[in-house]
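The primary structure of each chain is shown beneath.
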Amino acid sequence: MRNVLIVGSGGREHALGWKCSQSKEVEKVYYAPGNGGTQNNAPLKTSDFEGLARFAQENSCFTVVGPENPLAEGIVDYFSDRDLPIFGPSKSTARLEASKQWAKEFFARHGIPTAKCYISTDPDKAKDYIVRKGAPIVVKASGLSAGKGSVVCRTIEEALQAIDQIMVKKVFGSSGDVIVIEEFLEGEEVSFIALTDGRDVMPLATSQDHKLSLIHIS
């Protein structure tokens with residue numbers, strides 16, 4: 001029997017804890033920091049690696065990480081260096097999520113099909129590219145932005161406004177220092193997620209994210 005520590009405070013973490021609690025191998029589930037709907041909450045920030053590691057060690061916890069930020073900042077590496085069991089990608093692997101620029105470059109190196117894109121650190125050059133390419137087009141902050149950094153733009157004007165919001169006004173902070181402008185792809189979107197330890201692969205259930213529809217009126 002082992003306890004489980006869920007790092008995070010959202011609905012995803014609540015669901016992870018709920019599912020872990022159903023296992024016969026789990027004695028108790030803790031959350032850090034948790035939310036109003038969870039029990040056994042520890043008042044620890046997701047960025048407090050030292051505090052989280054100490055809590056996990058003192059309470060014999062297997063740690064499961066929900067949010068992207070601590071993963072991108074290297075919480076798995078921090079725990080692993082201290083021989084504390086934890087579930088999640090390493091900092092280097094989390095870059096696929098933490099940097100859209102890095103992910104796009106990774107796809108190109110390995111021949112993985114992906115939408116054509118333009119990457120820039122200069123808002124004026126980004127705007128020039130948009131004017132040349134036209135709309136619809138997709139504008140994305142390269143860094144983590146709580147799932148809100150991608151803007152599907154129907155018109156060139158919307159795309160130019162998105163550049164101003166992300167790169168000039170910095171609505172996503174430093175996550176918008178680099179911009180990724182992608183071609184608009186039309187069709188069904190599905191997610192196929194699998195777990196791997198680098199050798200074995202375990203597929204999970206498929207899912208679908210429904211993006212905003214573009215309606216053309218003639």
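This text goes with the structure placed above it.
All of the points below concern the structure found in this document.

Criteria and cut-off values
Residues numbered from 1 in each chain as written. Predicted model: local features only at pLDDT ≥ 70, side-chain atom pairs only at ≥ 80, totals over all residues. Heavy atoms only, no water. Pairing = 2+ DSSP bridges. Helix = DSSP H or I, 4+ residues; strand = E, 2+ residues; numbered from the N terminus. Axes fitted to C-alpha atoms, helices over the stretch in contact; angles between N-to-C directions. Contact = heavy atoms within 4.5 Å. Phe/Tyr/Trp six-rings, centres within 6.5 Å; stacked < 30°, edge-to-face > 60°. Polar contact = N/O pair within 3.5 Å; in protein donor to acceptor, adjacent residues only side chain to side chain. Patch = residues over 30% accessible without salt bridge, like charges linked within 9 Å, V, L, I, M, F, W, Y side chains within 5 Å. Areas by Shrake-Rupley, 256 points an atom, 1.4 Å probe, with all protein chains shown as cover. Salt bridge = Lys/Arg side-chain N within 4 Å of Asp/Glu carboxyl O. Buried < 20%, exposed > 50% of the residue type's maximum accessible area, 1.4 Å probe, protein only.

1. A word on the sheet that holds strand β8 (residues 179-183)
One key point about sheets: their strands pair by backbone hydrogen bonds, in either a parallel or an antiparallel sense. Taken together, four strands build an open sheet; the order of strands is β5-β8-β6-β7 and the sheet is antiparallel. Where the open sheet ends on each side, the last strands, each with one partner, are β5 (117-120) and β7 (150-153). Between one strand axis and the next, the sheet turns by 20 degrees as a mean value, whatever way the strands run. Pairing of strand β6 (residues 137-141) with β8, which is carried by five bridges, proceeds in the antiparallel orientation. Bridge pairing in β8 links Val139 to Ile181. Sitting on the sheet, helix α7 (residues 123-133) is in contact with β5, β6 and β8, with an inclination near 160 degrees to β5. Helix-sheet contacts for helix α8 (residues 156-168) involve β5, β6, β7 and β8, and the interaxial angle to β6 is about 0 degrees.

2. Observations regarding the packing of aromatic side chains
Counted according to the given criterion, the structure contains five aromatic pairs. An angle of 75 degrees between the planes, with centres 6.3 Å apart, marks the rings of Phe106 and Phe107 as edge-to-face. Considering the side-chain rings of Tyr118 and Tyr129, the 4.3 Å spacing of their centres and the 10 degrees angle between planes classify their relative orientation as stacked. Here Tyr118 is found in strand β5, whereas its partner Tyr129 is found in helix α7, with eleven residues between them in sequence.

3. Some details on the side chain of Glu13
Position of Glu13 among the secondary structure elements: in helix α1 (residues 11-20). Side-chain polar atoms of Glu13 contact the backbone nitrogen of Gly10, separated by 2.6 Å. There is a polar contact of 3.5 Å between the side chain of Glu13 and the side chain of Arg12. Beyond its immediate stretch of four places on either side in the chain, Glu13 contacts Ile6, Val7, Gly8, Tyr31, Gly66 and Pro67.

4. Observations regarding unusual backbone geometry
That bond from Ala32 to Pro33 is cis: its omega, 0 degrees, falls within 30 degrees of zero. Looking at where Pro33 falls in the secondary structure, it is placed in strand β2 (residues 26-33). For the bond running from Ala135 to Pro136, omega is 0 degrees, close enough to zero to count as cis. For Asn40, which is not a glycine, the phi torsion comes out positive at approximately 55 degrees. Mapped onto the secondary structure, Asn40 falls in the loop between β2 and α2 (49-58). Positive phi outside glycine occurs at Lys170, with the angle close to 60 degrees. Locating Lys170 in the fold gives a position in the loop between α8 and β8.

5. Examining a nonpolar patch on the surface
Residues Phe87, Ile193, Leu195, Met202 and Leu204 make up a contiguous nonpolar surface patch of roughly 440 Å² in combined accessible area. Tracing the chain through its elements places Leu204 in the segment after β10 (201-203). By relative accessible area, which is 39% here, Leu204 ends up partly exposed.

6. Structural notes on the pattern of salt bridges
Evaluated as defined, the whole model comprises nine salt bridges. Here Glu182 and Lys104 are joined by a salt bridge, their closest N and O atoms 2.6 Å apart. Here the residue Glu182 occupies a position in strand β8, and Lys104 occupies one in helix α6 (residues 100-109), the gap between them amounting to 78 residues. The pair formed by Glu182 and Lys104 is uniform in burial state, with each residue classed as buried. Put simply, Lys170 and Asp177 hold a salt bridge, and the shortest N to O gap is 2.4 Å. Of the residues examined, Lys170 reaches a relative accessible area of 32% and is grouped as partly exposed. Taking the relative accessible area as the measure of exposure, Asp177 reaches 37% and is therefore partly exposed.

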